[in-house]
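Observations on chain architecture
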Amino acid sequence: MKFVIVPVKDLSKAKERLSSLLTQNERTVLAYAMLEDVLLALKESKLADRKFIVTLDAKAIEIAKGLGIEIIEETEQNGESASVDYASQICKDMGAASVLVIPGDAPLIASSDIDSILEREKDTPSIVFVPARDELGTNAILRKPPDAIPSMFGHDSYRKHMNEADKSNIPYESFENPRIGLDIDSPEDLKEFVSQKSNTKAYSELMRLKIIDKIRQYG
């Protein structure tokens, strides 16, 4: 069985790197809107057998439940890697043969993007990576089995994950997907996002907040 998880931290204090452009309230609104966009895409995935978020954020849980996404609820968070590995082990115990991790802040992601990763699953242990557009971060990772390698999210995680796969002698493939690759962490990411006018919740919220022009003029 193929499971997908979206790790979600406390979004009430989200996206500090956007503070030069957005107030905390604006960043929080954007963060929840992006999560909804991702979960809407996940809901429409045809190849995912079960779909989860792992979080302790009450509003994120409410959004997920409203979309029929299952919840792995945390009592504490010790970083993204710990959350992902915790959820992956739970999924494995539930019968998952593989677990795909996707970001909650890549609002352009489509259900077809998710399925394009899942369809690359091999019959034997393997890993599929989708790097961030700077090729430093890991924006999606499909592991079979779910604990094939430990999570190494953070700076330069793409290289670190590949090194872990090499150490464990697990074959892997990597491919670029521009929609998954564009997670919104920096002002430059946000400017790139608004340059691609989209029918996303995130874009509509930025329009509602009347800050699209401000973002476009950044830099």
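Everything numeric in this text was worked out from a predicted model, so none of it was measured.

Calculation notes
Residues numbered from 1 in each chain as written. Predicted model: local features only at pLDDT ≥ 70, side-chain atom pairs only at ≥ 80, totals over all residues. Heavy atoms only, no water. Buried < 20%, exposed > 50% of the residue type's maximum accessible area, 1.4 Å probe, protein only. Helix = DSSP H or I, 4+ residues; strand = E, 2+ residues; numbered from the N terminus. Pairing = 2+ DSSP bridges. Salt bridge = Lys/Arg side-chain N within 4 Å of Asp/Glu carboxyl O. Axes fitted to C-alpha atoms, helices over the stretch in contact; angles between N-to-C directions. Phe/Tyr/Trp six-rings, centres within 6.5 Å; stacked < 30°, edge-to-face > 60°. Lys NZ or Arg CZ within 6 Å of the ring centre and 35° of its normal. Polar contact = N/O pair within 3.5 Å; in protein donor to acceptor, adjacent residues only side chain to side chain. Parallel < 35°, antiparallel > 145°, perpendicular 65-115°, else oblique. Contact = heavy atoms within 4.5 Å. Nonpolar A, V, L, I, M, F, W, Y, C, P; charged D, E, K, R; others polar.

Of all 6 residues in strand E1 (residues 2-7), 5 are buried, a share of seventy percent or more. As judged from the 4 bridges shared by E1 and strand E4 (residues 98-101), these two strands associate in the parallel manner. Note on E4: the bridge partner recorded for Val 4 is Leu 100. Sheet topology note: the E1/strand E2 (residues 50-55) ladder contains 5 bridges and is parallel. Following the sheet pairing, Phe 3 is matched in E2 by Arg 50.

Tallied over the full model, the rule gives 16 salt bridges. Between Asp 105 and Lys 15 there is a salt bridge whose closest N-O contact spans 2.4 Å. Placement of Asp 105 in the loop between E4 and helix H4 (111-118) and of Lys 15 in the loop between E1 and helix H1 (24-43) is noted, with a sequence separation of 90 residues between them. Taken individually, Asp 105 and Lys 15 each receive the classification buried, so the pair is uniform in this respect. Note that Arg 143 is salt-bridged to Asp 85, the shortest N-O span being 3.8 Å.

Once that is clear, we can look at the sheet that holds strand E6 (residues 138-144). Across the sheet, which stays open at both edges, the 7 strands sit in the order E3-E2-E1-E4-E6-E5-E7 with mixed pairing between neighbours. Whereas interior strands pair on both sides, the edge strands pair on one side only; in this sheet they are strand E3 (70-73) and strand E7 (172-174). Strand-to-strand twist across the sheet, computed as the mean angle between neighbouring axes with direction ignored, equals 20 degrees. Of the strand pairs in this sheet, strand E5 (residues 126-131) and E6 are connected by 6 bridges, and their pairing is antiparallel. The residue of E6 that forms the bridge with Val 128 is Leu 142.

Let us look at the packing of aromatic side chains. Inspection of every chain in the model, using the stated rule, returns 4 aromatic pairs. Between Phe 129 and Tyr 172, the ring centres sit 5.5 Å apart and the planes meet at 70 degrees, which makes this aromatic pair edge-to-face. Note that Phe 129 is positioned in strand E5 and Tyr 172 in strand E7, a separation of 43 residues in sequence. Chaining the aromatic ring pairs together yields one cluster made of Phe 129, Tyr 158 and Tyr 172. Between Lys 59 and the ring centre of Tyr 32, over which it is positioned, the NZ or CZ distance is 4.7 Å. We note Arg 120 situated over the ring of Phe 175; from NZ or CZ to the ring centre the distance is 3.9 Å.

The subject of this paragraph is the side chain of Asp 189. Looking at the element boundaries, Asp 189 is found in helix H7 (residues 187-195). At 3.1 Å, the side chain of Asp 189 and the side chain of Arg 133 are in polar contact.

Once that is clear, we can look at the environment of Gln 89. As for its position among the elements, Gln 89 is in helix H3 (residues 80-93). The class of Gln 89 is partly exposed, set by a relative accessible area of 35%. Note: C-alpha distance between Gln 89 and Asp 147 (58 residues apart in sequence) is 6.9 Å.

Let us now look at the packing of H7 against helix H8 (residues 201-208). The contact between H7 and H8 brings their axes to 11 Å, and the two run at 100 degrees. The angle between H7 and H8 places the two elements in the roughly perpendicular class. Contact residues: Leu 190, Phe 193 and Val 194 in H7; Ala 202, Tyr 203 and Leu 206 in H8. Here the contact of H7 with H8 is composed, by residue class, of 6 nonpolar, no polar and no charged.

Taken by themselves, the reported measurements are silent on function.
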